[in-house]
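Letter by letter, the chains look like this.
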Amino acid sequence: MSEIRTEAVPLVDGSDLRLTVAEPEGTARGGIVVLHEARGVTDTVRRLVEGIAGDGWLVVAPHLYHRDGADELDGAEDQVADHVARLDGEQVMADTDTAFGWLADHEVAPDQMGVIGFDLGGSVALLVAARRTLGAAVTVAGGGIDEPVGPLPALVSAAPGLTCPWLGIYGDRDDKAELDRLLDAARESEVATDLVTYPGSGHRFDDDPATAADAWQRMLNWFDSHLR
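As a starting point, this report considers the structure included with it. (Residues numbered from 1 in each chain as written. Predicted model: local features only at pLDDT ≥ 70, side-chain atom pairs only at ≥ 80, totals over all residues. Heavy atoms only, no water.)

### Comments concerning the packing of helix 3 (residues 89-105) against helix 4 (residues 120-131)
- Running from amino to carboxyl end, helix 3 crosses helix 4 at an angle of 75°, the nearest separation of the two axes being 11 Å. What the angle tells us is that helix 3 and helix 4 run roughly perpendicular. Side by side, helix 3 and helix 4 meet where E90, V92, M93, T96 and F100 of the first sit next to V124, L127, V128 and R131 of the second.
- The class makeup of the residues in the contact of helix 3 with helix 4 is six nonpolar, one polar and two charged. (Axes fitted to C-alpha atoms, helices over the stretch in contact; angles between N-to-C directions. Helix = DSSP H or I, 4+ residues; strand = E, 2+ residues; numbered from the N terminus. Parallel < 35°, antiparallel > 145°, perpendicular 65-115°, else oblique. Contact = heavy atoms within 4.5 Å. Nonpolar A, V, L, I, M, F, W, Y, C, P; charged D, E, K, R; others polar.)

Below, the structure written as structure tokens:
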């Protein structure tokens, strides 16, 4: 198992961006930016970082709540919503750029960089893939499809601008037509796109190990196919 550590990168606004990073054994196949869920850098996010590094990738996860002095939120849902609402869209993009810059400093080329996010991070991952040039992107259970989440634009409005192959992974949703609209919007980009749903699974796939394993493998296969 790859060991993880946290580094701090000074930013021009005077704050320090914390990065959770993990290196693979041997030469890295490329680099992956992991964008955390609404509760921050949780144990789930750290396991994701470790697991992807174990597959041979150099991995970095920016702490998007660093300006609030927070890494992980353990409070009520309204506290989490407050943190999401305080995010600044341009600062989020800048923090993500810093993570990609960290990969570049470690000799990862842009076409060998990917991004994956879960929940809040899944929404950000799609937006990054529509605004930046990189190799591939994966969104896991990203909200804000038709309506914006906090400062982030609705995903259906951003998806036509995708610049790299994008994979969406979703569990049960009350409005399945919403996912159809997202996939249709993504296909307007004319890059490779796919959207996989798992009927009967929970939001986090926690209740079905087979589903979680299948989603994990699809994510790895997506990066294997498009980051070369």
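### A few points about the nonpolar core
- The biggest cluster of nonpolar side chains holds 49 residues, and the ones touching the most others in it are L103 and L182.
- The dominant element in this core, judged by the number of residues it contributes, is helix 4, at seven residues.
- Every residue in contact with L103, bar those within four places of it in the chain, is listed here: G31, I32, V33, L58, V60, V108 and M113.
- Core analysis: the next-biggest nonpolar cluster, separate from the first, contains 28 residues, V49, A53, A61 and L227 among them. (Core = buried A, V, L, I, M, F, W, Y, C linked by side-chain atoms within 4.5 Å. Buried < 20%, exposed > 50% of the residue type's maximum accessible area, 1.4 Å probe, protein only.)

The values are spatial; any link to function lies outside them.
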